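A structural walkthrough
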Amino acid sequence: MACNVSNLPASLDTCHHPRVSVPLLRRSSTVRCSSSSPKTLNLKSLEDPSPLFRSLTAFAPATVANLGPGFDVLGCAVDGIGDHVTVSLDPSVPRGTVRIDSITGGSGVSRLSRNPNFNCAGIAAVETLRRLGVRSVGLSLSLEKGLPLGSGLGSSAASAAAAAAAVNGMFGGELSHHALVLAGLESEARVSGRHADNIAPAIMGGFVLIRGYQPLDLHRLEFPDHKELFFVLASPEFEAPTKKMREALPREVAMAEVVHNSAQVAALVAAVLGGDARGVGSAMSADVIVEPRRAPLIPGMAAVKAAAVKAGAFGCTISGAGPTAVAVTDDEEMGREIGERMVEAFWRDGKLKAAATVRRLDRVGARVVGSED
């Protein structure tokens with residue numbers, strides 16, 4: 001997913017992390033939200049919150065959506081790569097609004113719109129201001145892209161999550177996780193559809209199950225801290241627009257396929273909660289509905305999956321809408337070997353150049369990483 005209708009290839013560069021990195025909000029494992037209006041008037045909500053900083057920078061991580069059989073209902077965050085957004089008080093910006101001053105990062109980012117109404121970071125920032133009730137100041141925004149566009153790593157969600165976190169942090173972190181996810185969903189809805197399997201883990205960190213949308217019902221799944229889990233991400237130089245990849249999906253599926261995938265989602269959730277990396281990989285590899293329709297659209301994907309498993313991965317599937325392939329292991333050194341074999345398969349069978357990286361689970365999600373009083 002990208003920040004606008006453009007989907008451009010870019011390299012997988014590791015993000016620079018400032019020394020300070022703090023969670024955005026107190027962790028909650030279950031979040032439910034209703035869009036209905038409160039029946040009683042909260043006078044405090046009428047107050048215009050005051051900014052606590054002159055500028056503030058937030059980071060949001062890359063995400064792996066679907067995780068195989070969990071189409072639109074499961075996702076997780078991965079560490080070390082993602083987007084940064086800096087927001088600053090700017091008297092030249094109309095009160096209660098946002099202006100995008102700069103977008104930097106990999107090749108092609110100059111084609112992303114700087115109109116906040118057509119940029120995922122801008123949309124999320126404006127929606128966060130609205131939810132905070134800010135009317136007295138305007139903000140300028142700078143977006144630093146650390147993720148490739150259209151890669152299947154939640155590029156648009158990372159930008160939206162970082163923007164929402166930065167604006168929220170400027171005013172003391174008043175909004176809850178579910179409010180920030182809803183702000184990010186406004187962005188996702190305009191870019192690729194109203195699904196939260198990228199934006200929710202980008203904001204909350206870890207694994208997130210989306211049980212429902214009316215109302216939004218999110219459950220954070222805790223993978224045990226003492227257990228190792230590594231994601232091998234192999235990203236080819238190939239565009240896989242989310243809209244096109246969704247169009248490849250069937251309108252109807254057989255009951256047997258539904259039963260099979262339901263069992264795999266249940267197995268995946270159980271494996272996450274039990275800290276069973278092998279079980280995560282096994283269930284992740286067992287999708288019979290989405291992956292079989294999308295894999296043929298990504299040159300070499302079937303061979304990449306086979307190469308990953310042969311090299312020792314517990315499982316492999318398409319990350320989000322692709323084209324990135326994601327494999328799972330519990331050994332970092334083996335992960336590097338798996339990545340090499342996946343890159344080789346992309347070139348041998350798909351004639352696509354690719355880059356691989358090995359990442360841990362990001363357990364924090366969007367967070368403030370720097371500020372200026």
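Thresholds, definitions, all that
- Residues take numbers from 1 onward in each chain, read along the sequence in its written order.
- Totals for whole chains, interfaces and linings use every residue, but because this is a predicted model, local features are given only for residues with pLDDT of at least 70 and side-chain atom pairs only at 80 or more, for both listing and counting.
- Computation of side-chain values covers all heavy atoms of the structure but excludes hydrogens and water.
- UniProt positions are given in the numbering used here, feature names are shortened, and annotations may be inferred rather than shown by experiment.
- Only DSSP runs of H or I reaching four residues or more are called helices, and only runs of E reaching two or more are called strands; each is numbered from the N terminus.
- Accessible area is worked out with a 1.4 Å probe on protein chains only. A residue is then buried under 20% of its type maximum, exposed over 50%, and partly exposed in between.
- By the convention used here, residues are in contact when the closest approach between their heavy atoms is within 4.5 Å.
- All accessibility values rest on the Shrake-Rupley procedure with a 1.4 Å probe; residue burial counts only the protein chains present in the view.
- Note on pairing: two strands pair once DSSP finds at least 2 bridges between them.
- Only the stretch in contact is used when a helix axis is fitted, and all axes are lines through C-alpha atoms; the angle between N-to-C directions ranges over 0 to 180 degrees.
- Salt bridge, as applied in this entry: a Lys or Arg side-chain nitrogen positioned within 4 Å of an Asp or Glu carboxyl oxygen.
- Nitrogen and oxygen atoms within 3.5 Å of one another constitute a polar contact, given that in protein one can donate a hydrogen and the other can accept it, and given that sequence-neighbouring residues count only through two side-chain atoms.
- Each cavity reported here is a set of points on a 1 Å grid over the protein atoms alone in which a 1.4 Å probe fits but cannot get out, each pocket an open set with protein on both sides within 12 Å along at least five of seven lines, and each lining residue one with an atom within 4 Å of a point.
- Grid points are joined across faces, edges and corners, and a volume is the space filled by probe spheres set on the points.
- When residues are grouped by polarity, Ala, Val, Leu, Ile, Met, Phe, Trp, Tyr, Cys and Pro land in nonpolar, Asp, Glu, Lys and Arg in charged, and all others, Gly among them, in polar.

- Taking an unreviewed UniProt entry as the reference, the protein is identified by name as Homoserine kinase belonging to Acorus calamus.
- What UniProt states about the protein under its Catalytic activity (unreviewed entry) heading is, verbatim, "L-homoserine + ATP = O-phospho-L-homoserine + ADP + H(+)".
- Quoted verbatim from the Pathway (unreviewed entry) field of the UniProt record, the comment on the protein reads "Amino-acid biosynthesis; L-threonine biosynthesis; L-threonine from L-aspartate: step 4/5."

1. With respect to the overall build of the protein
- A count of helical and extended segments in the protein gives 10 helices and 13 strands.
- When burial is assessed residue by residue, the protein has 57% of its 373 residues classed as buried.
- Residue pairs in contact within the protein that sit at least 24 positions apart in sequence constitute 79% of those at least 6 positions apart.
- Summed over all atoms, the accessible surface of the protein reaches about 15,600 Å², with 52% contributed by carbon and sulfur.

2. Let's talk about the sheet that holds strand β12 (residues 354-360)
- Taking strand neighbours across the sheet as the criterion, the 4 strands line up as β10-β11-β9-β12 in an open arrangement whose pairing is antiparallel. The sheet terminates laterally at β10 (315-318) and β12, the two strands that pair on one side only. Each neighbouring strand pair of the sheet contributes to a mean axis angle of 20 degrees, computed without reference to strand direction.
- Bridging between strand β9 (residues 230-236) and β12 involves 7 bridges; their strand directions are antiparallel. Across the sheet, the residue bridging to Leu233 is Thr357, located in β12.

3. With respect to the pattern of salt bridges
- In this structure the tally under the stated criterion is 20 salt bridges.
- Across the pair Arg131 and Glu127 runs a salt bridge whose closest N-O atoms are separated by 3.1 Å. Of this pair, Arg131 and Glu127 both sit in helix α1 (residues 120-132), 4 residues apart, which is roughly one turn of that helix.
- On the basis of relative accessible area, Glu127 is assigned to the buried category, the value being 11%.
- With a closest N to O distance of 2.8 Å, Arg348 and Asp349 form a salt bridge.
- It is possible to trace a salt-bridge network through shared partners that takes in Glu337, Glu340, Arg341 and Glu344.

4. Some points on the environment of Glu291
- With respect to the helices, strands and loops of the structure, Glu291 is situated in helix α8 (residues 291-294).
- Remark: the alpha-carbon pair of Glu291 and Gly68, spanning 223 residues in sequence, is separated by 7.0 Å.
- A polar contact of 2.8 Å, which involves the side chain of Glu291, links it to the side chain of Lys305.

5. Focus on empty space enclosed by the protein
- Taken as a whole and assessed by the stated rule, the structure comprises 2 cavities of 30 Å³ or more.
- Considering only enclosed or pocket space, the second largest cavity measures out at about 50 Å³ in volume.
- For the lining of the second largest cavity, the secondary-structure elements that each account for two or more residues are α8 and β10.
- Class assignment for the residues of the lining of the second largest cavity results in 2 nonpolar, 4 polar and 3 charged.

6. A closer look at helix α9 (residues 301-310)
- Within the span of α9, buried status applies to Met301, Ala303, Val304, Lys305, Ala307 and Ala308.
- Next to the buried residues of α9 lie α8, β10, β11 (325-329) and α10 (332-350).
- Just past α9, the residue Gly312 takes up positive phi, approximately 115 degrees.

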